[in-house]
Amino acid sequence: MNRATLTLLPLVCGLLAVPAQAQTASEPAQGLSVELNATAETDNGCMMTFVVESGLGGDISKASYQMVFFNGEGLVERMTVLDFQDIPAGRTRVRQFNIGGTDCSSLSRVLVNDVATCESADLPEDVCIVSLAASSRSDIELSN
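Residues numbered from 1 in each chain as written. Predicted model: local features only at pLDDT ≥ 70, side-chain atom pairs only at ≥ 80, totals over all residues. Heavy atoms only, no water.

### Some details on the overall build of the protein
Defined as follows: The helix and strand labels rest on DSSP assignments: H or I over at least four residues marks a helix, E over at least two residues marks a strand, and numbering proceeds from the N terminus. Relative accessibility decides the category of a residue: with a 1.4 Å probe and only protein chains considered, values under 20% of the type maximum give buried, values over 50% give exposed, and everything between is partly exposed. Method for areas: the Shrake-Rupley scheme with a 1.4 Å probe, in which residue coverage is limited to the protein chains shown.
Secondary structure assignment for the protein yields 2 helices and 8 strands. Helices and strands appear in the protein in the N-to-C order α-β-β-β-β-β-β-α-β-β. Here the protein holds 144 residues, and the buried ones make up 33% of them. Accessible area for the protein stands at about 8,500 Å²; split by element, carbon and sulfur atoms hold 50% of it.

### Comments concerning the state of the cysteines
Here a disulfide denotes one covalent bond, and it connects the sulfur atoms of two cysteines. To keep things clear, this is the line we draw: The rule for a disulfide is simple: a pair of cysteine sulfur atoms within 2.5 Å.
Applying the stated criterion to the full structure yields 2 disulfides. Going through the protein in sequence order and numbering each bonded cysteine, the pairs you get are 1-2, 3-4.

### A word on the sheet that holds strand β2 (residues 45-54)
Rule in force here: Being paired, for any two strands, means DSSP has found at least two bridges between them. In this analysis, axes come from line fits to C-alpha atoms, helices being fitted only over the stretch in contact, and the angle between any two N-to-C directions falls in the range 0 to 180 degrees.
Pairing is mixed across the open sheet formed by 4 strands, whose spatial order is β5-β2-β1-β7. Where the open sheet ends on each side, the last strands, each with one partner, are β5 (92-100) and β7 (132-136). Averaged over all pairs of adjacent strands, the angle between their axes in this sheet comes to 25°, without regard to strand direction. In the sheet, β2 pairs with β5 via 9 bridges, with the strands oriented antiparallel. Bridged to cysteine 46 within β5 is isoleucine 99.

### A word on the confidence of the model for the protein
The cut-off we apply is this: Confidence of the predictor at the level of single residues is given by pLDDT, which spans 0 to 100. In this analysis, two residues are considered to be in contact whenever any of their non-hydrogen atoms come within 4.5 Å of each other.
With 80% of its residues at a pLDDT of at least 70, the protein reaches an overall mean of 85. Scored below 50 in pLDDT, residues 5-28 makes 1 contact in the model with residues more than four places away or belonging to other chains.

### Structural notes on the side chain of serine 54
Of note, serine 54 is situated in strand β2. Apart from the residues lying within four places of it in its own chain, the contact partners of serine 54 are Gly31, Leu32, Ile87, Pro88, Ala89, Gly90 and Arg91.

### A closer look at the pairing of strand β6 (residues 107-119)
Where strand β3 (residues 60-71) meets β6, 10 bridges bridge the pair, whose relative direction is antiparallel. Residue pairing across strands places glutamine 66 opposite aspartate 114, the latter belonging to β6.

### So, the nonpolar core
Test applied: To qualify as a nonpolar core, a set must consist of buried Ala, Val, Leu, Ile, Met, Phe, Trp, Tyr and Cys residues joined through side-chain atoms within 4.5 Å.
Ranked by size, the top nonpolar core spans 29 residues in total, and within it Met48, Phe50, Tyr65, Met67 and Phe84 carry the most contacts. Elements with a contribution of two residues or more to this core: β1 (32-42), β2, β3, β4 (76-87), β5, β6 and α2 (127-130). Apart from residues no more than four positions distant in its own chain, phenylalanine 50 is found in contact with Val34, Glu35, Leu36, Asn37, Met67, Leu82, Phe84, Arg93, Val94, Arg95, Phe97 and Leu142.

### Here we look at the environment of glycine 31
Mapped onto the elements of the fold, glycine 31 is located in the loop between α1 (3-24) and β1. For the pair glycine 31 and alanine 133, spaced 102 residues apart in sequence, the C-alpha to C-alpha distance is 7.5 Å. Excluding residues that lie within four positions of it along the chain, glycine 31 makes contacts with Glu53, Ser54, Gly55, Leu56 and Ser131.

As C-alpha cells, then:
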C-alpha cells in the first residue's frame, strides 16, 4: 500500500463503522414484550425469570397472565396465573416465579394463553394481549 492509502484507511474504516453502529443501536421497545430469560432448578420446582419491557404510551398498574405449561411430549402439564404486577411505560421489569413441583427439564413450552388482569388508567383494556410479543432465551419456548 502507498502512503496515501495508509493515511486514508483509518478514516474510511471509521466512516464504514458508523452505519453499522446505527443499525445495531437498540430501538425503543414497541408494544409490550415478555421474555423468558432464564430457568433454574430449585428444591421446590422450576424458577423462571421473565424480563418485561413496555414501549406503550402509559403505565400498566396491574398485569397477570394465564400461562399453560407443556411437557416434552406436548401435553399440558398445568395451567396457572402469573402476576407480573405493575409495568411502567418505558421501563424494564424482571419478575421471577417458582413453578412448584415441576422440573424445568420436563417443560418444552409455555403459552401465554390469556390475560387474567390488565389495569391501566391510560391504555385500552385489551392492550396487555394485543400488544404482547413473547420470546425466550431459554431452552423452553415462550409463545402467545
